[in-house]
Amino acid sequence: MKVMVVGGGGREHAIIKKIKENPKVTEVFCLPGNGGIAADAVCVPIQAKDLDGITEFALKEKIDYAIVAPDDPLVLGCVDRLVKHNIPCFGPLKKAAIIEGSKAFSKNLMKKYKIPTAAYEIFSDMQEALDYLDTAPIPTVIKADGLALGKGVIIAQTREEAKNAVRSMMEEKVFGASGDQIVIEEFLEGPEVTVLSFTDGKTVVPMISSMDHKRAGDNDEGLNTGGMGTIAPNPYYTPEIAEICMEKIFLPTIKAMNAEGRIFKGCLYFGLMLTENGPKVIEYNCRFGDPETQVVLPLLESDLFEIMQAVTEGRLSECEVKFSDKACCCVVAASEGYPVAYEKGFPLTVDPSVADSTYIAGAAIKDGQLVTNGGRVLGVTATADTLKEAVDAAYEKLGKVHFDNMYYRHDIGAKALKATEV
Ligand code: AMP
Ligand code: GLY
(Lines give C-alpha, C1' and ligand atoms only; values in the text may rest on other atoms or scores of the structure.)
(Ligands and ions follow the chains in the order given, each with its own letter.)
Protein backbone atom coordinates (compact mmCIF):
# COMPACT_ATOMS: atom_id res chain seq x y z
CA MET A 1 0.00 0.00 0.00
CA LYS A 2 1.05 3.55 -0.67
CA VAL A 3 0.95 5.56 2.54
CA MET A 4 1.33 9.32 2.88
CA VAL A 5 2.34 10.98 6.14
CA VAL A 6 1.73 14.72 6.45
CA GLY A 7 4.28 16.50 8.67
CA GLY A 8 8.02 16.58 8.99
CA GLY A 9 9.38 16.27 12.54
CA GLY A 10 10.60 13.68 15.00
CA ARG A 11 7.05 12.52 15.64
CA GLU A 12 6.47 11.81 11.95
CA HIS A 13 9.80 9.98 11.76
CA ALA A 14 8.74 7.74 14.66
CA ILE A 15 5.35 7.07 13.04
CA ILE A 16 6.98 6.20 9.73
CA LYS A 17 9.49 3.80 11.26
CA LYS A 18 6.68 2.06 13.12
CA ILE A 19 4.19 1.67 10.26
CA LYS A 20 6.97 0.24 8.08
CA GLU A 21 7.00 -2.80 10.38
CA ASN A 22 3.79 -3.81 8.60
CA PRO A 23 4.62 -5.63 5.32
CA LYS A 24 1.48 -4.21 3.69
CA VAL A 25 3.12 -0.78 3.79
CA THR A 26 5.24 -0.88 0.67
CA GLU A 27 5.74 2.80 -0.10
CA VAL A 28 5.81 5.77 2.27
CA PHE A 29 5.74 9.43 1.27
CA CYS A 30 6.28 12.23 3.76
CA LEU A 31 5.05 15.79 3.10
CA PRO A 32 7.32 17.66 3.55
CA GLY A 33 9.46 15.34 5.71
CA ASN A 34 13.07 16.37 6.26
CA GLY A 35 16.60 15.34 5.33
CA GLY A 36 16.69 12.68 8.06
CA ILE A 37 13.27 11.23 7.31
CA ALA A 38 14.47 10.86 3.71
CA ALA A 39 16.31 7.69 4.82
CA ASP A 40 12.93 6.07 5.57
CA ALA A 41 10.42 7.69 3.22
CA VAL A 42 10.21 9.63 -0.02
CA CYS A 43 10.08 13.25 1.08
CA VAL A 44 7.98 15.55 -1.08
CA PRO A 45 8.42 19.34 -0.77
CA ILE A 46 4.77 20.13 -0.06
CA GLN A 47 4.17 22.00 3.19
CA ALA A 48 1.83 20.55 5.83
CA LYS A 49 -0.53 23.54 5.59
CA ASP A 50 -0.79 23.38 1.80
CA LEU A 51 -4.08 21.48 1.67
CA ASP A 52 -4.45 21.94 -2.11
CA GLY A 53 -0.96 20.60 -2.72
CA ILE A 54 -1.48 17.65 -0.37
CA THR A 55 -4.79 16.68 -1.95
CA GLU A 56 -3.44 17.01 -5.48
CA PHE A 57 -0.41 14.86 -4.61
CA ALA A 58 -2.53 12.18 -2.95
CA LEU A 59 -4.77 11.89 -6.00
CA LYS A 60 -1.89 11.92 -8.47
CA GLU A 61 0.03 9.24 -6.57
CA LYS A 62 -3.13 7.21 -5.84
CA ILE A 63 -2.37 7.17 -2.11
CA ASP A 64 -4.13 4.30 -0.31
CA TYR A 65 -3.94 5.69 3.21
CA ALA A 66 -3.02 9.05 4.73
CA ILE A 67 -1.82 9.93 8.22
CA VAL A 68 -2.14 13.60 9.10
CA ALA A 69 0.09 14.20 12.11
CA PRO A 70 0.47 17.95 12.92
CA ASP A 71 -2.10 20.26 14.47
CA ASP A 72 -2.23 22.90 11.71
CA PRO A 73 -3.44 20.75 8.80
CA LEU A 74 -5.90 18.90 11.08
CA VAL A 75 -7.40 22.15 12.38
CA LEU A 76 -7.53 23.54 8.82
CA GLY A 77 -9.49 20.49 7.61
CA CYS A 78 -6.89 18.38 5.77
CA VAL A 79 -8.69 15.14 6.62
CA ASP A 80 -12.01 16.54 5.36
CA ARG A 81 -10.39 17.30 2.03
CA LEU A 82 -8.83 13.85 1.62
CA VAL A 83 -11.91 11.96 2.78
CA LYS A 84 -13.98 13.86 0.23
CA HIS A 85 -11.81 12.18 -2.41
CA ASN A 86 -12.28 8.78 -0.76
CA ILE A 87 -8.77 8.60 0.64
CA PRO A 88 -8.91 6.85 4.03
CA CYS A 89 -7.19 8.89 6.73
CA PHE A 90 -5.91 8.68 10.25
CA GLY A 91 -6.81 11.92 12.03
CA PRO A 92 -9.95 13.81 13.02
CA LEU A 93 -12.18 15.91 10.79
CA LYS A 94 -12.01 19.68 11.21
CA LYS A 95 -15.11 19.80 13.37
CA ALA A 96 -13.46 17.42 15.87
CA ALA A 97 -9.95 18.90 15.63
CA ILE A 98 -11.44 22.05 17.18
CA ILE A 99 -10.85 20.33 20.52
CA GLU A 100 -7.26 21.53 20.08
CA GLY A 101 -7.91 24.42 17.69
CA SER A 102 -9.95 26.44 20.17
CA LYS A 103 -9.26 26.47 23.88
CA ALA A 104 -12.57 28.30 24.41
CA PHE A 105 -14.32 25.37 22.72
CA SER A 106 -12.54 22.74 24.81
CA LYS A 107 -13.04 24.61 28.09
CA ASN A 108 -16.75 25.04 27.40
CA LEU A 109 -17.02 21.37 26.43
CA MET A 110 -15.45 20.34 29.73
CA LYS A 111 -17.72 22.65 31.70
CA LYS A 112 -20.86 21.42 29.93
CA TYR A 113 -19.99 17.74 30.40
CA LYS A 114 -18.47 18.10 33.88
CA ILE A 115 -14.99 16.94 32.88
CA PRO A 116 -12.48 18.08 35.53
CA THR A 117 -10.33 21.03 34.45
CA ALA A 118 -9.04 24.34 35.82
CA ALA A 119 -11.72 26.98 36.54
CA TYR A 120 -11.69 29.66 33.83
CA GLU A 121 -13.18 32.72 32.17
CA ILE A 122 -13.20 33.49 28.43
CA PHE A 123 -12.70 37.03 27.11
CA SER A 124 -12.95 38.60 23.70
CA ASP A 125 -12.85 42.16 25.08
CA MET A 126 -9.43 43.25 26.33
CA GLN A 127 -10.69 45.76 28.89
CA GLU A 128 -12.92 43.14 30.48
CA ALA A 129 -9.96 40.79 30.76
CA LEU A 130 -7.80 43.50 32.33
CA ASP A 131 -10.56 44.40 34.82
CA TYR A 132 -11.01 40.76 35.74
CA LEU A 133 -7.29 40.52 36.50
CA ASP A 134 -7.62 43.25 39.17
CA THR A 135 -9.13 40.67 41.50
CA ALA A 136 -8.31 37.27 39.97
CA PRO A 137 -6.29 34.82 42.11
CA ILE A 138 -2.55 34.98 41.39
CA PRO A 139 -0.62 33.13 39.93
CA THR A 140 -2.93 32.88 36.98
CA VAL A 141 -2.71 31.33 33.54
CA ILE A 142 -3.38 33.22 30.29
CA LYS A 143 -4.00 31.22 27.12
CA ALA A 144 -4.54 32.35 23.54
CA ASP A 145 -7.66 30.66 22.16
CA GLY A 146 -6.14 29.34 18.94
CA LEU A 147 -2.97 27.54 17.87
CA ALA A 148 0.24 29.35 18.81
CA LEU A 149 3.08 26.91 18.12
CA GLY A 150 2.86 25.69 21.72
CA LYS A 151 3.76 29.17 22.97
CA GLY A 152 0.31 30.58 23.68
CA VAL A 153 0.32 29.84 27.42
CA ILE A 154 1.68 32.32 29.97
CA ILE A 155 1.87 31.50 33.66
CA ALA A 156 1.78 34.91 35.33
CA GLN A 157 3.16 35.30 38.84
CA THR A 158 1.95 38.88 39.23
CA ARG A 159 -1.04 40.94 38.10
CA GLU A 160 1.24 43.12 36.01
CA GLU A 161 2.70 40.12 34.20
CA ALA A 162 -0.81 38.79 33.59
CA LYS A 163 -1.97 42.10 32.17
CA ASN A 164 1.08 42.34 29.93
CA ALA A 165 0.32 38.87 28.59
CA VAL A 166 -3.26 39.91 27.84
CA ARG A 167 -2.09 43.06 26.05
CA SER A 168 0.48 41.16 24.00
CA MET A 169 -2.14 38.65 22.86
CA MET A 170 -5.14 40.96 22.36
CA GLU A 171 -3.55 44.30 21.44
CA GLU A 172 -0.16 43.51 19.92
CA LYS A 173 -1.55 40.27 18.43
CA VAL A 174 1.68 38.34 18.94
CA PHE A 175 -0.20 35.16 18.03
CA GLY A 176 -2.30 36.80 15.32
CA ALA A 177 -5.98 35.88 15.26
CA SER A 178 -5.27 33.10 17.79
CA GLY A 179 -5.34 35.84 20.45
CA ASP A 180 -8.70 37.39 19.46
CA GLN A 181 -10.17 35.41 22.32
CA ILE A 182 -8.28 34.40 25.44
CA VAL A 183 -8.87 32.07 28.35
CA ILE A 184 -7.79 33.09 31.84
CA GLU A 185 -7.65 30.09 34.11
CA GLU A 186 -6.91 28.87 37.58
CA PHE A 187 -3.28 27.92 38.25
CA LEU A 188 -3.07 24.21 39.06
CA GLU A 189 -0.24 22.30 40.67
CA GLY A 190 0.86 18.70 40.52
CA PRO A 191 2.77 16.28 38.32
CA GLU A 192 1.93 16.41 34.62
CA VAL A 193 1.14 13.32 32.59
CA THR A 194 0.52 12.87 28.89
CA VAL A 195 -1.84 10.11 27.83
CA LEU A 196 -2.19 9.61 24.09
CA SER A 197 -5.18 7.51 23.11
CA PHE A 198 -6.55 5.80 20.04
CA THR A 199 -10.22 6.39 19.48
CA ASP A 200 -12.70 5.67 16.72
CA GLY A 201 -15.46 7.59 18.48
CA LYS A 202 -16.87 4.43 20.04
CA THR A 203 -13.92 2.90 21.84
CA VAL A 204 -11.06 4.75 23.51
CA VAL A 205 -7.80 2.91 24.12
CA PRO A 206 -5.22 4.82 26.16
CA MET A 207 -1.61 4.25 25.19
CA ILE A 208 1.19 3.97 27.71
CA SER A 209 1.56 7.18 29.75
CA SER A 210 4.49 9.55 29.29
CA MET A 211 6.14 12.68 30.68
CA ASP A 212 7.33 15.60 28.58
CA HIS A 213 10.07 18.05 29.61
CA LYS A 214 8.91 21.35 28.16
CA ARG A 215 11.39 23.84 29.58
CA ALA A 216 14.60 24.53 27.69
CA GLY A 217 16.96 24.16 30.65
CA ASP A 218 17.88 21.63 33.30
CA ASN A 219 15.71 21.62 36.45
CA ASP A 220 12.78 22.91 34.41
CA GLU A 221 14.34 26.35 34.03
CA GLY A 222 14.24 28.59 31.00
CA LEU A 223 11.69 29.09 28.28
CA ASN A 224 8.95 26.71 27.19
CA THR A 225 9.86 24.67 24.13
CA GLY A 226 8.13 22.11 21.96
CA GLY A 227 9.62 19.46 24.29
CA MET A 228 13.25 18.64 25.18
CA GLY A 229 12.74 14.99 26.04
CA THR A 230 10.29 12.39 27.26
CA ILE A 231 10.06 9.20 29.26
CA ALA A 232 7.45 6.44 29.36
CA PRO A 233 5.74 5.12 31.35
CA ASN A 234 5.11 8.05 33.69
CA PRO A 235 5.57 6.76 37.27
CA TYR A 236 2.99 9.19 38.67
CA TYR A 237 0.30 7.58 36.54
CA THR A 238 -0.68 4.62 38.71
CA PRO A 239 -3.32 2.03 37.76
CA GLU A 240 -5.70 3.69 40.25
CA ILE A 241 -5.25 7.08 38.60
CA ALA A 242 -5.65 5.47 35.18
CA GLU A 243 -9.00 4.08 36.27
CA ILE A 244 -10.19 7.47 37.51
CA CYS A 245 -9.05 9.10 34.25
CA MET A 246 -10.93 6.54 32.16
CA GLU A 247 -14.14 7.07 34.10
CA LYS A 248 -14.01 10.84 34.65
CA ILE A 249 -12.06 12.11 31.65
CA PHE A 250 -11.46 9.76 28.70
CA LEU A 251 -14.91 8.20 28.24
CA PRO A 252 -16.78 11.43 29.11
CA THR A 253 -14.71 13.31 26.50
CA ILE A 254 -15.53 10.81 23.75
CA LYS A 255 -19.21 10.88 24.71
CA ALA A 256 -19.21 14.68 24.86
CA MET A 257 -17.74 14.96 21.37
CA ASN A 258 -20.31 12.49 20.06
CA ALA A 259 -23.15 14.37 21.74
CA GLU A 260 -21.94 17.57 20.05
CA GLY A 261 -21.96 15.83 16.66
CA ARG A 262 -18.17 16.03 16.49
CA ILE A 263 -17.10 12.37 16.47
CA PHE A 264 -13.36 12.23 17.10
CA LYS A 265 -11.36 9.60 15.21
CA GLY A 266 -7.61 9.45 15.50
CA CYS A 267 -5.20 10.08 18.34
CA LEU A 268 -6.62 12.18 21.15
CA TYR A 269 -3.95 13.62 23.43
CA PHE A 270 -4.85 14.18 27.06
CA GLY A 271 -2.52 16.60 28.85
CA LEU A 272 -3.31 15.99 32.52
CA MET A 273 -2.30 17.44 35.83
CA LEU A 274 -2.57 15.21 38.89
CA THR A 275 -3.77 17.73 41.47
CA GLU A 276 -4.65 17.23 45.14
CA ASN A 277 -8.26 17.22 44.01
CA GLY A 278 -7.74 14.54 41.40
CA PRO A 279 -6.62 14.46 37.76
CA LYS A 280 -7.62 17.48 35.67
CA VAL A 281 -7.31 18.24 31.97
CA ILE A 282 -4.70 20.90 31.16
CA GLU A 283 -5.14 20.57 27.42
CA TYR A 284 -6.42 18.36 24.66
CA ASN A 285 -4.50 17.91 21.43
CA CYS A 286 -6.06 16.40 18.35
CA ARG A 287 -2.92 14.44 17.42
CA PHE A 288 0.11 12.50 18.60
CA GLY A 289 2.44 14.52 20.87
CA ASP A 290 5.96 15.45 19.93
CA PRO A 291 8.25 14.14 21.51
CA GLU A 292 5.85 11.82 23.42
CA THR A 293 5.34 9.70 20.30
CA GLN A 294 9.07 9.00 20.21
CA VAL A 295 8.82 7.08 23.53
CA VAL A 296 5.31 5.67 23.23
CA LEU A 297 5.57 3.97 19.82
CA PRO A 298 8.79 2.07 20.57
CA LEU A 299 6.90 0.41 23.44
CA LEU A 300 3.92 -0.54 21.26
CA GLU A 301 4.07 -4.28 20.59
CA SER A 302 0.97 -4.39 18.40
CA ASP A 303 0.89 -3.34 14.77
CA LEU A 304 0.46 0.44 14.52
CA PHE A 305 -0.75 0.40 10.93
CA GLU A 306 -3.45 -2.20 11.73
CA ILE A 307 -4.61 -0.10 14.68
CA MET A 308 -4.74 3.05 12.57
CA GLN A 309 -6.80 1.35 9.89
CA ALA A 310 -9.14 -0.04 12.57
CA VAL A 311 -9.61 3.50 13.92
CA THR A 312 -10.48 4.79 10.46
CA GLU A 313 -12.93 1.94 9.87
CA GLY A 314 -14.56 2.21 13.30
CA ARG A 315 -13.54 -1.24 14.51
CA LEU A 316 -10.99 -0.35 17.18
CA SER A 317 -12.76 -2.61 19.71
CA GLU A 318 -11.67 -5.66 17.68
CA CYS A 319 -8.04 -4.60 17.68
CA GLU A 320 -5.25 -5.64 20.00
CA VAL A 321 -3.31 -2.69 21.43
CA LYS A 322 -0.52 -4.07 23.58
CA PHE A 323 2.40 -2.25 25.15
CA SER A 324 5.59 -3.79 26.48
CA ASP A 325 6.34 -3.43 30.18
CA LYS A 326 9.71 -1.88 29.44
CA ALA A 327 10.63 1.79 29.77
CA CYS A 328 11.71 4.29 27.16
CA CYS A 329 13.57 7.60 27.19
CA CYS A 330 14.02 10.16 24.41
CA VAL A 331 16.56 12.97 24.71
CA VAL A 332 16.17 15.83 22.24
CA ALA A 333 19.27 17.47 20.81
CA ALA A 334 18.61 21.06 19.78
CA SER A 335 20.61 23.89 18.27
CA GLU A 336 22.17 26.21 20.86
CA GLY A 337 19.87 29.18 21.33
CA TYR A 338 16.61 27.28 20.72
CA PRO A 339 13.77 28.22 21.25
CA VAL A 340 14.76 31.83 20.45
CA ALA A 341 17.49 32.22 17.81
CA TYR A 342 19.85 29.60 16.49
CA GLU A 343 22.08 28.83 13.55
CA LYS A 344 21.39 26.11 11.02
CA GLY A 345 23.42 24.28 8.42
CA PHE A 346 25.94 22.36 10.56
CA PRO A 347 26.90 18.90 9.28
CA LEU A 348 25.02 16.20 11.20
CA THR A 349 26.34 12.66 11.66
CA VAL A 350 24.40 9.78 13.15
CA ASP A 351 26.36 6.59 13.81
CA PRO A 352 24.66 3.67 12.01
CA SER A 353 24.48 1.79 15.34
CA VAL A 354 21.93 4.34 16.65
CA ALA A 355 20.16 5.27 13.41
CA ASP A 356 17.18 2.98 14.08
CA SER A 357 16.38 4.74 17.34
CA THR A 358 17.13 8.29 16.22
CA TYR A 359 14.19 10.40 15.10
CA ILE A 360 15.21 13.39 13.03
CA ALA A 361 13.21 16.58 13.52
CA GLY A 362 15.15 19.34 11.79
CA ALA A 363 17.65 18.39 9.09
CA ALA A 364 18.16 18.98 5.41
CA ILE A 365 20.41 17.47 2.77
CA LYS A 366 22.89 19.96 1.31
CA ASP A 367 25.41 18.87 -1.30
CA GLY A 368 24.74 15.25 -0.36
CA GLN A 369 25.45 15.87 3.32
CA LEU A 370 22.94 15.85 6.19
CA VAL A 371 22.92 19.26 7.91
CA THR A 372 20.95 20.75 10.81
CA ASN A 373 17.92 22.73 9.74
CA GLY A 374 15.84 23.51 12.82
CA GLY A 375 15.71 24.30 16.52
CA ARG A 376 15.03 20.78 17.63
CA VAL A 377 17.33 18.69 15.46
CA LEU A 378 16.68 15.13 16.60
CA GLY A 379 15.71 12.85 19.44
CA VAL A 380 17.60 9.75 20.49
CA THR A 381 15.51 7.01 22.05
CA ALA A 382 16.44 4.02 24.16
CA THR A 383 14.27 1.19 25.45
CA ALA A 384 15.31 -0.93 28.45
CA ASP A 385 13.88 -3.04 31.27
CA THR A 386 13.98 -0.15 33.73
CA LEU A 387 13.64 3.60 33.41
CA LYS A 388 17.13 4.11 34.86
CA GLU A 389 18.67 1.88 32.20
CA ALA A 390 16.65 3.55 29.46
CA VAL A 391 17.79 7.02 30.55
CA ASP A 392 21.44 5.98 30.78
CA ALA A 393 21.27 4.26 27.40
CA ALA A 394 19.64 7.27 25.72
CA TYR A 395 22.44 9.55 26.92
CA GLU A 396 25.05 7.04 25.84
CA LYS A 397 23.50 6.87 22.38
CA LEU A 398 23.47 10.66 22.21
CA GLY A 399 27.27 10.44 22.23
CA LYS A 400 27.03 8.79 18.81
CA VAL A 401 25.30 11.75 17.23
CA HIS A 402 27.27 14.85 16.32
CA PHE A 403 26.71 18.39 15.14
CA ASP A 404 28.30 21.70 16.11
CA ASN A 405 26.20 23.83 18.40
CA MET A 406 24.44 20.82 19.95
CA TYR A 407 22.48 21.57 23.06
CA TYR A 408 20.43 19.20 25.24
CA ARG A 409 19.09 18.82 28.74
CA HIS A 410 21.08 16.64 31.10
CA ASP A 411 18.20 15.69 33.38
CA ILE A 412 15.59 14.02 31.17
CA GLY A 413 13.92 11.38 33.36
CA ALA A 414 15.46 12.67 36.61
CA LYS A 415 12.12 13.74 38.08
CA ALA A 416 10.50 10.46 37.10
CA LEU A 417 13.37 8.45 38.61
CA LYS A 418 12.98 10.38 41.84
CA ALA A 419 9.27 9.56 41.88
CA THR A 420 10.02 5.86 41.56
CA GLU A 421 12.28 6.00 44.62
CA VAL A 422 9.59 7.15 47.05
P1 AMP B 1 -0.29 23.86 27.18
O2 AMP B 1 0.28 24.54 25.96
O3 AMP B 1 -1.75 24.06 27.38
O4 AMP B 1 0.19 22.44 27.30
O5 AMP B 1 0.43 24.55 28.41
C6 AMP B 1 1.82 24.56 28.51
C7 AMP B 1 2.21 24.26 29.93
O8 AMP B 1 1.71 25.29 30.78
C9 AMP B 1 1.60 22.98 30.48
O10 AMP B 1 2.34 21.86 30.16
C11 AMP B 1 1.63 23.27 31.96
O12 AMP B 1 2.92 23.02 32.49
C13 AMP B 1 1.37 24.73 32.04
N14 AMP B 1 -0.03 25.01 32.32
C15 AMP B 1 -1.06 25.11 31.45
N16 AMP B 1 -2.22 25.35 32.09
C17 AMP B 1 -1.92 25.38 33.40
C18 AMP B 1 -2.71 25.60 34.60
N19 AMP B 1 -4.01 25.84 34.56
N20 AMP B 1 -2.05 25.58 35.79
C21 AMP B 1 -0.72 25.37 35.85
N22 AMP B 1 0.05 25.16 34.77
C23 AMP B 1 -0.52 25.17 33.56
N1 GLY C 1 4.77 17.63 23.57
C2 GLY C 1 3.63 18.46 23.61
C3 GLY C 1 2.83 18.47 22.39
O4 GLY C 1 3.01 17.69 21.47
O5 GLY C 1 1.93 19.29 22.31
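Let us now look at the nonpolar core. Counting residues in each nonpolar core, the largest one holds 46 residues, and the members touching the most others are Met-4, Ile-54, Leu-82, Ile-99, Phe-250 and Leu-272. The element contributing the most residues to this core is helix α9 (residues 239–259), with 7 residues. Not counting the four nearest positions on each side in its chain, Phe-250 is found in contact with Val-195, Val-204, Pro-206, Tyr-237, Cys-245, Phe-270 and Leu-272. One finds Val-3, Ile-16, Tyr-269 and Leu-297 within the second-largest nonpolar core, a separate group that totals 38 residues.

Bringing the site of ligand 1 into the picture now. In the vicinity of ligand 1 there are 15 residues, among which Glu-185, Glu-186, Leu-188, Glu-192 and Glu-283 approach most closely. A distance of 3.0 Å is found between an oxygen atom of ligand 1 and a side-chain nitrogen or oxygen belonging to Lys-214. For ligand 1, an oxygen atom lies 2.7 Å from a polar atom in the side chain of Glu-283. Relative to its free-state accessible area of 480 Å², ligand 1 is covered by the protein chains to the extent of 91%. Among the secondary structure elements, those contributing two or more residues to the shell around ligand 1 are β7 (140–144), β8 (153–156), β9 (182–186) and β17 (278–285). Tallied by class, the residues present in the shell around ligand 1 amount to 8 nonpolar, no polar and 7 charged.

Right, let's talk about the site of ligand 2 for a bit. If you check the shell around ligand 2, you find Asp-212, Gly-226, Tyr-269, Asn-285, Arg-287, Gly-289, Asp-290, Pro-291 and Glu-292 and nothing else. Here a nitrogen atom of ligand 2 and a side-chain polar atom of Asp-212 are 2.8 Å apart. Here a nitrogen atom of ligand 2 and a backbone polar atom of Asp-290 are 2.9 Å apart. Taken by itself ligand 2 offers 200 Å² of open surface, and the protein chains cover 89% of this. For the shell around ligand 2, a count of residues per class yields 2 nonpolar, 3 polar and 4 charged.

Quick look at the sheet that holds strand β11 (residues 204–206) now. The strands making up a sheet associate through hydrogen bonds between their backbones, and the pairing can be parallel or antiparallel. As summarised here, the arrangement of the 4 strands in space is β11-β10-β16-β17, forming an open sheet in which the pairing is antiparallel. Looking at which strands have only one partner, the edges of the open sheet turn out to be β11 and β17. Averaged over all adjacent pairs, the angle separating strand axes in this sheet is 35 degrees, with direction ignored. Sheet analysis places strand β10 (residues 192–199) next to β11, joined by 3 bridges and oriented antiparallel. Paired with Ser-197 across the bridge in β11 is Pro-206. Helix-sheet contacts for α9 involve β10, β11, β16 (266–275) and β17, and the interaxial angle to β16 is about 130 degrees.

Here is what the cut-offs are and how they apply
- Residues numbered from 1 in each chain as written.
- Chains lettered and ligands numbered in written order.
- Predicted model: local features only at pLDDT ≥ 70, side-chain atom pairs only at ≥ 80, totals over all residues.
- Heavy atoms only, no water.
- Core = buried A, V, L, I, M, F, W, Y, C linked by side-chain atoms within 4.5 Å.
- Buried < 20%, exposed > 50% of the residue type's maximum accessible area, 1.4 Å probe, protein only.
- Helix = DSSP H or I, 4+ residues; strand = E, 2+ residues; numbered from the N terminus.
- Contact = heavy atoms within 4.5 Å.
- Near = heavy atom within 4 Å.
- Polar contact = N/O pair within 3.5 Å; in protein donor to acceptor, adjacent residues only side chain to side chain.
- Areas by Shrake-Rupley, 256 points an atom, 1.4 Å probe, with all protein chains shown as cover.
- Nonpolar A, V, L, I, M, F, W, Y, C, P; charged D, E, K, R; others polar.
- Pairing = 2+ DSSP bridges.
- Axes fitted to C-alpha atoms, helices over the stretch in contact; angles between N-to-C directions.

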